[in-house]
Amino acid sequence: MNDYAKQFMLLLMSEKCYDNYFVDLDFLDVDCFKALLSKGLGMGIIAGSVLVKVPQIAKILGNKSAKGINLFSVCLDLFAITIHMAYSFVSGFPFSAWGDTSFLALQTAMIAYLVLHFGGAPVKAVAFGAVYSAVTYVLMGGLTPLNYLLIAQGFNVPILLLGKLSQAYTNYKNGSTGQLSAVTCFMLLAGSLARIFTSIQETGDQMMIITYGCSSFANAVIVLQLLYYWNAGKKLSSGKSSPKKASKAKAKAKKSD
């Protein structure tokens, strides 16, 4: 049993940190604490990413509509996620540093499929799924050199910002966030913020750190829009209900007269 427990703990920390904590009982090692925190956050983010966009998918399926969701934004987001996933995988980074992108890519591809399907283009939706699967295989199956992926990763920041901010512009133009899921948007923001720390700790890759920093900024813009339009909607609904109450009060006053 002790061997199994040790093997499990070694998934979260190095042999050196294991000896520090469980042999020397040194719990004040800052480097080991930061490494353990980073690994724990990484595993937590991966666990959360399994369901992070499920609320968005469920909302589209429940309403049978993808109104307000910008397909261009979704596709750019998917491109950025896929390139990041392929670059991290081929670079040999630990799964805890990038594993969430595999689940995010699958769910984002599903959202793009649903936007096309409910937008009246089911054939294009199927074709999109087939093309995306083939592209992912080319990127991650050893057919694409790492230096090409590094170049593509360099374009991720402007692509990611363009994708997210185009969704923000759509929200602004529509005066609402449409079928965007608040749960999904908040989880994406929390995950991207945590990924800044895990990238610093586990990879030290400047490109990954910058990417997650920009992602956090763009996700924060969407979240602020959700809060703004939600509050504006509440004020509007309360404003509409007050005239009705006033008219009812006037009607009652006339009857009493």
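Residues numbered from 1 in each chain as written. Predicted model: local features only at pLDDT ≥ 70, side-chain atom pairs only at ≥ 80, totals over all residues. Heavy atoms only, no water.

Where an unreviewed UniProt entry is consulted, the chain appears under the name Mannose-P-dolichol utilization defect 1 protein homolog, with the organism given as Aedes albopictus. Per its UniProt entry, the chain bears the Subcellular location (unreviewed entry) comment "Membrane". Quoted straight from UniProt, the Sequence similarities (unreviewed entry) entry for the chain says "Belongs to the MPDU1 (TC 2.A.43.3) family." (UniProt positions renumbered as here; feature names shortened; annotations may be inferred.)

1. Focus: the overall build of the chain
Of the regular secondary structure elements, the chain holds 12 helices and 0 strands. Beginning at the N terminus, the succession of helices and strands in the chain can be written as α-α-α-α-α-α-α-α-α-α-α-α. Across the 257 residues that make up the chain, the buried fraction comes to 42%. When contacts within the chain are restricted to residue pairs at least 6 apart in sequence, long-range pairs at least 24 apart make up 77% of them. Working note: accessible area of the chain is about 14,400 Å², and carbon and sulfur atoms make up 70% of it. (Helix = DSSP H or I, 4+ residues; strand = E, 2+ residues; numbered from the N terminus. Buried < 20%, exposed > 50% of the residue type's maximum accessible area, 1.4 Å probe, protein only. Contact = heavy atoms within 4.5 Å. Areas by Shrake-Rupley, 256 points an atom, 1.4 Å probe, with all protein chains shown as cover.)

2. Comments concerning the nonpolar core
Side chains of a nonpolar character, in soluble globular proteins, are inclined to be buried together. Grouped together as the largest cluster of nonpolar side chains are 31 residues, with contacts concentrated most on Ile60, Ile69, Leu78, Ala105, Ile111 and Phe128. Examining the composition of this core, we find that 8 residues originate from one element, helix H7 (residues 100-118), more than from any other. A domain-level breakdown of this core finds at least three residues from each of domain 2 (51-144) and domain 3 (157-229). When sequence neighbours within four positions are dropped, the list of residues in contact with Ile111 reads Lys53, Gln56, Ile57, Ile60 and Val74. Residues Cys185, Ile222, Val223 and Leu226 belong to the second largest nonpolar core, which totals 7 residues. (Core = buried A, V, L, I, M, F, W, Y, C linked by side-chain atoms within 4.5 Å. Domains from an automatic or database assignment.)

3. Notes on the pattern of salt bridges
Enumeration according to the criterion identifies 5 salt bridges in this entry. Notably, a salt bridge pairs Lys39 with Glu202, separated by 3.6 Å at the nearest N-O pair. Residue Lys39 is located in helix H3 (residues 30-49), and its partner Glu202 is located in helix H11 (residues 182-202); the two are separated by 163 residues in the primary sequence. Note on accessibility: Lys39 and Glu202 belong to one class, buried. Ionic pairing is found between Asp100 and Arg195, a salt bridge with its closest N-O pair at 2.7 Å. With Asp100 in helix H7 and Arg195 in helix H11, the pair connects residues that are 95 residues apart, well separated along the chain. Residue classification places Arg195 among the buried positions, given a relative accessible area of 1%. Each member of the salt-bridge network shares a partner with another, and the members are Lys53, Asp77 and Lys164. (Salt bridge = Lys/Arg side-chain N within 4 Å of Asp/Glu carboxyl O.)

4. Structural notes on the side chain of Gln153
Tracing the sequence through the fold places Gln153 in helix H9 (residues 146-154). Excluding residues within four positions of it along the chain, Gln153 makes contact with Ile83, His84, Tyr87, Met207, Met208 and Thr211.

5. Remarks on the UniProt feature "transmembrane region" (unreviewed entry) in the chain
The UniProt entry lists residues 69-89, 95-116, 177-197 and 209-230 under the feature "transmembrane region" (unreviewed entry), expressed in the numbering used here. Between the C-alpha atoms that bound residues 69-89 there is a distance of 29 Å. The span itself is 90% helix and 0% strand. The span residues 177-197 carries 76% helix and 0% strand; its end-to-end C-alpha distance comes to 29 Å.

6. Considerations on the packing of aromatic side chains
The full count for this structure, using the stated rule, is 7 aromatic pairs. On the numbers, 6.0 Å between centres and 75° between planes, the contact of Phe89 with Trp98 is edge-to-face. Judged by relative accessible area, Phe89 falls into the partly exposed class, the value being 41%. Arranged with centres 5.2 Å apart and planes meeting at 75°, the rings of Phe95 and Trp98 form a pair that is edge-to-face. Taken as a pair, Phe95 and Trp98 lie in helix H6 (residues 95-98) at a separation of 3 residues, close to a single helical turn. Under the relative-accessibility criterion, Trp98 is labelled buried at 7%. Taken together, the aromatic side chains of Phe89, Phe95 and Trp98 make up a single cluster linked through ring pairs. (Phe/Tyr/Trp six-rings, centres within 6.5 Å; stacked < 30°, edge-to-face > 60°.)

7. What about unusual backbone geometry?
One non-glycine residue, Lys64, lies in the positive phi region at around 50°. Along the chain, the position of Lys64 falls in the loop between helix H4 (54-63) and helix H5 (71-91).

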